[in-house]
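Below, each chain spelled out in residue letters.
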Amino acid sequence: MERLDKIDIDNYGFSTKELPILALMKLYLDAADQPVEDIDRALDSKEGLTDLITNAKAAVKIHRGYDEGIKYLMAVFLQKADEVAIADRYWEALKSFLVDCRKELE
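Throughout this document, residue positions are counted from 1 along each chain, in the order its sequence is written. For this predicted model, a pLDDT threshold of at least 70 governs which residues receive local features, and a threshold of 80 or more governs which side-chain atom pairs are given and counted, while totals over whole chains, interfaces and linings are taken from all residues. As a convention, hydrogens and water are excluded, and side-chain values are obtained from all of the structure's heavy atoms.

Here we look at the overall build of the protein
Under the DSSP-based scheme used, a helix requires at least four consecutive residues in state H or I and a strand at least two consecutive residues in state E, with every element numbered from the N terminus. Helix and strand counts for the protein stand at five helices and zero strands. Each helix (α) and strand (β) of the protein, taken in turn from the N terminus, gives the series α-α-α-α-α. Over its C-alpha trace the protein gives a radius of gyration of 13 Å, about what one expects of a compact globule, namely 13 Å for 106 residues. In terms of its C-alpha atoms, the protein occupies a principal-axis envelope of roughly 35 × 30 × 25 Å. Residue contacts are defined here by distance: any two heavy atoms, one from each residue, within 4.5 Å place the two residues in contact. A separation threshold of at least 6 residues defines the contact pool for the protein, and within that pool the share at least 24 residues apart is 72%. Note that the radius of gyration is over C-alpha atoms, with the globule rule given as 2.2 Å times the number of residues to the power 0.38.

In C-alpha coordinates, the structure reads:
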(Lines give C-alpha, C1' and ligand atoms only; values in the text may rest on other atoms or scores of the structure.)
Protein backbone atom coordinates (compact mmCIF):
# COMPACT_ATOMS: atom_id res chain seq x y z
CA MET A 1 0.00 0.00 0.00
CA GLU A 2 1.47 3.32 -1.00
CA ARG A 3 -1.12 5.85 -2.02
CA LEU A 4 -3.21 5.52 1.13
CA ASP A 5 -0.48 4.94 3.71
CA LYS A 6 -1.59 7.99 5.71
CA ILE A 7 -5.12 6.66 6.13
CA ASP A 8 -5.41 4.91 9.50
CA ILE A 9 -8.67 2.96 9.65
CA ASP A 10 -8.60 3.02 13.45
CA ASN A 11 -9.31 6.77 13.42
CA TYR A 12 -12.89 6.61 12.14
CA GLY A 13 -14.79 5.37 15.18
CA PHE A 14 -15.68 1.92 13.88
CA SER A 15 -15.68 -1.17 16.09
CA THR A 16 -13.18 -3.97 15.61
CA LYS A 17 -15.99 -5.99 13.98
CA GLU A 18 -16.47 -3.21 11.41
CA LEU A 19 -12.81 -2.45 10.64
CA PRO A 20 -12.50 -5.20 8.00
CA ILE A 21 -14.97 -3.22 5.86
CA LEU A 22 -12.68 -0.18 5.92
CA ALA A 23 -9.59 -2.35 5.38
CA LEU A 24 -11.22 -4.00 2.36
CA MET A 25 -12.10 -0.65 0.81
CA LYS A 26 -8.70 0.83 1.58
CA LEU A 27 -6.86 -2.08 -0.05
CA TYR A 28 -9.08 -1.90 -3.11
CA LEU A 29 -8.83 1.88 -3.51
CA ASP A 30 -5.07 1.78 -3.14
CA ALA A 31 -4.77 -0.56 -6.12
CA ALA A 32 -7.77 0.52 -8.24
CA ASP A 33 -7.27 2.08 -11.65
CA GLN A 34 -9.82 4.86 -11.07
CA PRO A 35 -10.20 5.16 -7.30
CA VAL A 36 -11.32 8.80 -7.28
CA GLU A 37 -14.22 7.96 -9.60
CA ASP A 38 -15.15 5.00 -7.38
CA ILE A 39 -15.09 7.24 -4.32
CA ASP A 40 -17.17 9.94 -6.00
CA ARG A 41 -19.86 7.39 -6.90
CA ALA A 42 -19.78 6.00 -3.35
CA LEU A 43 -20.17 9.48 -1.88
CA ASP A 44 -23.00 10.25 -4.29
CA SER A 45 -25.26 7.30 -3.48
CA LYS A 46 -25.67 4.09 -1.53
CA GLU A 47 -25.69 2.28 -4.87
CA GLY A 48 -22.26 3.74 -5.62
CA LEU A 49 -21.00 2.50 -2.25
CA THR A 50 -22.51 -0.91 -2.96
CA ASP A 51 -20.62 -1.02 -6.26
CA LEU A 52 -17.36 -0.02 -4.56
CA ILE A 53 -17.73 -2.80 -1.98
CA THR A 54 -18.69 -5.32 -4.69
CA ASN A 55 -15.58 -4.40 -6.67
CA ALA A 56 -13.43 -4.56 -3.55
CA LYS A 57 -14.69 -8.04 -2.69
CA ALA A 58 -14.09 -9.23 -6.25
CA ALA A 59 -10.52 -7.91 -6.18
CA VAL A 60 -9.48 -9.97 -3.15
CA LYS A 61 -7.12 -12.81 -3.95
CA ILE A 62 -6.65 -15.57 -1.38
CA HIS A 63 -3.20 -17.00 -2.04
CA ARG A 64 -2.08 -20.56 -1.41
CA GLY A 65 0.77 -19.43 0.81
CA TYR A 66 -1.56 -17.92 3.40
CA ASP A 67 -2.03 -19.70 6.69
CA GLU A 68 -5.13 -21.94 6.58
CA GLY A 69 -6.78 -19.97 9.38
CA ILE A 70 -6.29 -16.69 7.52
CA LYS A 71 -7.66 -18.19 4.31
CA TYR A 72 -10.72 -19.43 6.18
CA LEU A 73 -11.36 -16.08 7.88
CA MET A 74 -11.00 -14.19 4.60
CA ALA A 75 -13.34 -16.57 2.79
CA VAL A 76 -15.97 -16.32 5.52
CA PHE A 77 -15.76 -12.53 5.60
CA LEU A 78 -16.11 -12.27 1.83
CA GLN A 79 -19.04 -14.64 1.82
CA LYS A 80 -20.87 -12.97 4.71
CA ALA A 81 -20.15 -9.34 3.81
CA ASP A 82 -23.41 -8.17 2.23
CA GLU A 83 -22.50 -5.06 0.25
CA VAL A 84 -26.11 -3.81 0.08
CA ALA A 85 -26.57 -4.15 3.84
CA ILE A 86 -23.20 -2.50 4.48
CA ALA A 87 -24.08 0.42 2.20
CA ASP A 88 -27.49 0.84 3.84
CA ARG A 89 -26.07 0.74 7.35
CA TYR A 90 -22.79 2.64 6.95
CA TRP A 91 -23.18 5.03 4.02
CA GLU A 92 -23.24 8.16 6.20
CA ALA A 93 -20.61 6.85 8.63
CA LEU A 94 -18.18 6.00 5.82
CA LYS A 95 -18.29 9.41 4.19
CA SER A 96 -15.45 10.95 6.24
CA PHE A 97 -13.27 7.91 5.51
CA LEU A 98 -14.01 8.14 1.79
CA VAL A 99 -13.40 11.90 1.71
CA ASP A 100 -10.02 11.41 3.39
CA CYS A 101 -9.12 8.65 0.92
CA ARG A 102 -10.08 10.94 -1.95
CA LYS A 103 -7.87 13.74 -0.61
CA GLU A 104 -4.90 11.36 -0.39
CA LEU A 105 -5.45 10.17 -3.95
CA GLU A 106 -5.62 13.62 -5.55
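A few points about a negative patch on the surface
Patches here: salt-bridge-free residues with over 30% relative accessible area, like charges joined within 9 Å, nonpolar side chains (Val, Leu, Ile, Met, Phe, Trp, Tyr) joined within 5 Å. For every accessible area listed, the method is Shrake-Rupley and the probe measures 1.4 Å; residues are considered covered only by the protein chains on display. Any Lys or Arg side-chain nitrogen located within 4 Å of an Asp or Glu carboxyl oxygen qualifies as a salt bridge. Neither His nor the chain ends contribute to the count of charged residues, in which Lys and Arg are positive and Asp and Glu negative. In this description, the location of a charge corresponds to atom NZ of lysine, CZ of arginine, CG of aspartate or CD of glutamate. Together, Glu-47, Asp-51, Asp-82 and Asp-88 make up a region of like negative charge exposed at the surface. Tracing the backbone shows Glu-47 in helix α3 (residues 46-59). Exposure remark for Glu-47: the relative accessible area of 55% places this residue in the exposed category. Note on exposure labels: buried denotes an accessible area under 20% of the residue type's maximum, exposed denotes more than 50%, and partly exposed covers the range between, all computed with a 1.4 Å probe on protein chains only.

Some details on α3
In this scheme, a helix's expected span is set at 1.5 Å multiplied by one less than its residue total. In a regular helix each residue adds 1.5 Å, so 14 residues correspond to 20 Å; α3 covers 20 Å between its end C-alpha atoms and thus fits that length. Turning to α3, its buried residues number three or more, namely Gly-48, Leu-49, Thr-50, Leu-52, Ile-53, Ala-56 and Lys-57. Looking at the buried positions of α3, the neighbouring elements they touch are α1 (19-31), α2 (35-44), α4 (68-80) and α5 (83-105).

Description of the nonpolar core
If you look at the biggest cluster of nonpolar residues, it comprises 31 residues, and the most contacted ones within it are Met-25, Leu-29, Leu-49, Leu-94, Phe-97 and Leu-98. Looking at this core, the element that brings in the most residues is α5, giving nine residues. Ignoring sequence-local partners within four residues, the contact set of Phe-97 consists of Ile-7, Ile-9, Tyr-12, Leu-22, Met-25 and Lys-26. What we call a nonpolar core is a set of buried Ala, Val, Leu, Ile, Met, Phe, Trp, Tyr and Cys residues that are connected through their side-chain atoms within 4.5 Å.

Some words on a nonpolar patch on the surface
A surface patch of nonpolar side chains, about 500 Å² in accessible area, is lined by Ile-62, Tyr-66, Ile-70, Tyr-72 and Leu-73. Mapped onto the elements, Tyr-72 comes out in helix α4. Relative accessible area serves as the criterion here: at 57%, Tyr-72 is assigned to the exposed category.

What to know about α4
Counted at 1.5 Å a residue, the expected span for α4 with its 13 residues is 18 Å, and the 18 Å between its end C-alpha atoms agrees. Between N or O atoms, a polar contact is any pair within 3.5 Å; within protein, one atom must be a potential hydrogen donor and the other a potential acceptor, and residues adjacent in sequence are included only when both atoms are from side chains. For α4, the N-terminal capping position is held by Asp-67, with its side-chain oxygen 2.8 Å away from the main-chain nitrogen of Gly-69.

Notes on the packing of aromatic side chains
The relative placement of two aromatic rings is captured by the distance of their centres and the angle of their planes. Classification of ring pairs rests on two measures: the distance between centres of Phe, Tyr or Trp rings, Trp counted by its six-membered ring, which must be within 6.5 Å, and the angle between planes, read as stacked under 30 degrees, edge-to-face over 60 and tilted in between. With the rule as written, the count across this model stands at two aromatic pairs. Residues Phe-14 and Tyr-90 carry aromatic rings whose centres are separated by 5.9 Å and whose planes lie at 50° to one another, so their mutual orientation is tilted. On the criterion of sequence distance, the pair formed by Phe-14 in the segment before α1 and Tyr-90 in helix α5 is long-range, its members being 76 residues apart. Each member of the pair Phe-14 and Tyr-90 is classed as buried. The ring of Trp-91 has Lys-95 sitting right over it, with the charged end atom 3.8 Å from the ring centre. Charge-over-ring placement is defined geometrically: NZ (Lys) or CZ (Arg) within 6 Å of the ring centre, and within 35 degrees of the ring normal.

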